[in-house]
Amino acid sequence: MTDDTVRLSMIGQVLRGRWRTLVVLALLGALIGAGSSVILSPGYRTSSSVLLQGPREADELLTQAEVATSSVVLDRAAAGLGDGETGADLRDKVATSVAQGNVITIEATGDTAEQTQRMADQIASEFVKYSTQIIAGSGDAAVQLAQERRETLRQQVAQTNQRISELSAKVNEGKTTVESVQLRTELQGLRTSIESAMSSLNAADTASGLGNMVVLGSAQLPSSPAAPTLPQLALGGALLFFLVGLFGHLFTARTDRRLKDEEEIAAAVGGPVLATFDAVEERPTGKTLRAKLLRDDRPWNIPRVDVHADEIDVEVHYRRLVSRLPQRRLLIVAAEDDHAGKVAAERLAALADRWFTVATISPVRPVIEESDAEGILVVAGLGSRSAWELVGIAEAVADAGLAVVGTVLIRPVQPTRTRSGATTPTDHEALAGTA
């Protein structure tokens, strides 16, 4: 199978075996997302625009944007709203930006649509009033200088117009001569000069109106809360926690160091794999409430087989294995935490009568007690032990002065078919494998 097929198969196994856990994680994520909306959701949002007439420098526009959120403007706006809030309260609810065309945008956020609209309009109005007051109260010397400049320009225009009239009269009196041509040339130059003076005068008149500001209409009444809203945060939290749970299971399975290959297990134990039996996956007893509700106390990647549980229980495979083993005393070793291995070991010992003895050892610090056994038969669940644990068992066998006769592997499976009135398999019900 390709890597993509394997990934899809694993995702399907996680969804089948851990769907309850994933649903709980999604609900938890939805609750956390909904709770975070108190901090992350801005509420309603709208904006008001103020046009600054006349040519403006970029730095001047940025300065005006800062003025719009100054304490004076916000305090006046708060007083005008009459909602019991102060200018400091409005500071976190207002933001300004500079748009194209000498437009300053004032953006306000609030708990209701009407409150947000009133806030944006009130701040824009107070901003225009305050800026106008600043410009009107600026230095009288600067205003006087501008007036003197405009008066000088007007006088220049008047003198030029008078000179043009005199020259025009002289040109029209006589015939066309060299002198008349020179006069016409001088007249054309004067006309150019007067056009330049008129342009300067217009620019000065425009500059005199730099303080003009206009609010471009009322702020729009927001029809819905601004993103991210509570439903969006709840949905995002649910999706995030679901994906974290899903890929967390896949990552855990990918990094699992327990051996599942028969050749690797045989090399680690130091004895051949004599048989691999299937065993019906059993539910552990004494489950906690969480395990009963989520059913996450069992491996999710157990192979599923399309048979009934009782169809896989074939006694003949166990008997064939026992008949092939040497007729001498063997010690069947299984790990303490390997339920399927211990059940299979007890069943093999029961079939072999007095020849086999079962011993359980710790997988962390395996120690084999002194016995009259002539060999060791290791029984382990497939995928239940890491390479180091199996090597530790092999070292314990060598330390006891014995040899490993072979290894029997138990592969847990999950039948997909059930019979009406079927009972839960007992510890001595196992599935036949390949012997």
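Keep in mind the model is a prediction, meaning the values are calculated, not measured.

## Topic: empty space enclosed by the protein
One pass over the structure, following the stated rule, counts 2 cavities of 30 Å³ or more. Considering the residues around the largest cavity, the lining is formed by Val333, Ala334, Ala335, Asp338, Val378, Val379, Ala380, Arg385 and Ile393. Where the lining of the largest cavity is concerned, the elements lending two or more residues are strand S7 (330-335) and strand S9 (376-381). Looking at the second largest cavity, the residues that line it are Leu259, Ile265, Ala380, Gly381, Gly383, Ser384, Arg385, Leu390 and Leu409.

## Some thoughts on the UniProt feature "transmembrane region" (unreviewed entry) in the protein chain
With numbering aligned to this structure, UniProt lists the feature "transmembrane region" (unreviewed entry) at residues 21-40 and 233-251. Across residues 233-251, helical content stands at 100% and strand content at 0%; the span's end C-alpha atoms are separated by 26 Å.

## Quick look at the pattern of salt bridges
The tally for this structure, following the rule as stated, stands at 10 salt bridges. For Glu107, the salt bridge goes to Arg45, with nearest N and O atoms at 3.9 Å. On the criterion of sequence distance, the pair formed by Glu107 in strand S3 (residues 103-110) and Arg45 in strand S1 (residues 44-52) is long-range, its members being 62 residues apart. Between Arg118 and Asp83 there is a salt bridge, with the nearest N and O atoms lying 3.7 Å from each other. Of this pair, Arg118 sits in helix H6 (residues 113-136) while Asp83 is found in the loop between helix H4 (71-81) and helix H5 (87-91), placing the two residues 35 residues apart along the sequence. For Arg118, a relative accessible area of 37% puts it in the partly exposed group. Taken together, the shared-partner salt bridges connect Asp256, Arg258 and Lys260 into one network.

Cut-offs applied
Per chain, residue numbering runs from 1 following the sequence as it is written. Only residues with pLDDT of 70 or above have their local features reported here, since the model is predicted, and side-chain atom pairs are shown and tallied only from 80 upward, although totals for entire chains, interfaces and linings are computed over all residues. As a convention, hydrogens and water are excluded, and side-chain values are obtained from all of the structure's heavy atoms. Lining residues are those with an atom within 4 Å of a point, where the points come from a 1 Å grid over the protein atoms alone and group into cavities, where a 1.4 Å probe fits but cannot get out, or pockets, open sets with protein on both sides within 12 Å along at least five of seven lines. Grid points are joined across faces, edges and corners, and a volume is the space filled by probe spheres set on the points. Helical segments are the DSSP runs of H or I of at least four residues, strand segments are the runs of E of at least two, and each set is numbered from the N terminus. UniProt positions are given in the numbering used here, feature names are shortened, and annotations may be inferred rather than shown by experiment. Salt bridge criterion: a side-chain nitrogen from Lys or Arg within 4 Å of a carboxyl oxygen from Asp or Glu. Think of it in three bands: with a 1.4 Å probe and only protein chains considered, a residue is buried below 20% of the maximum accessible area for its type, exposed above 50%, and partly exposed in between.

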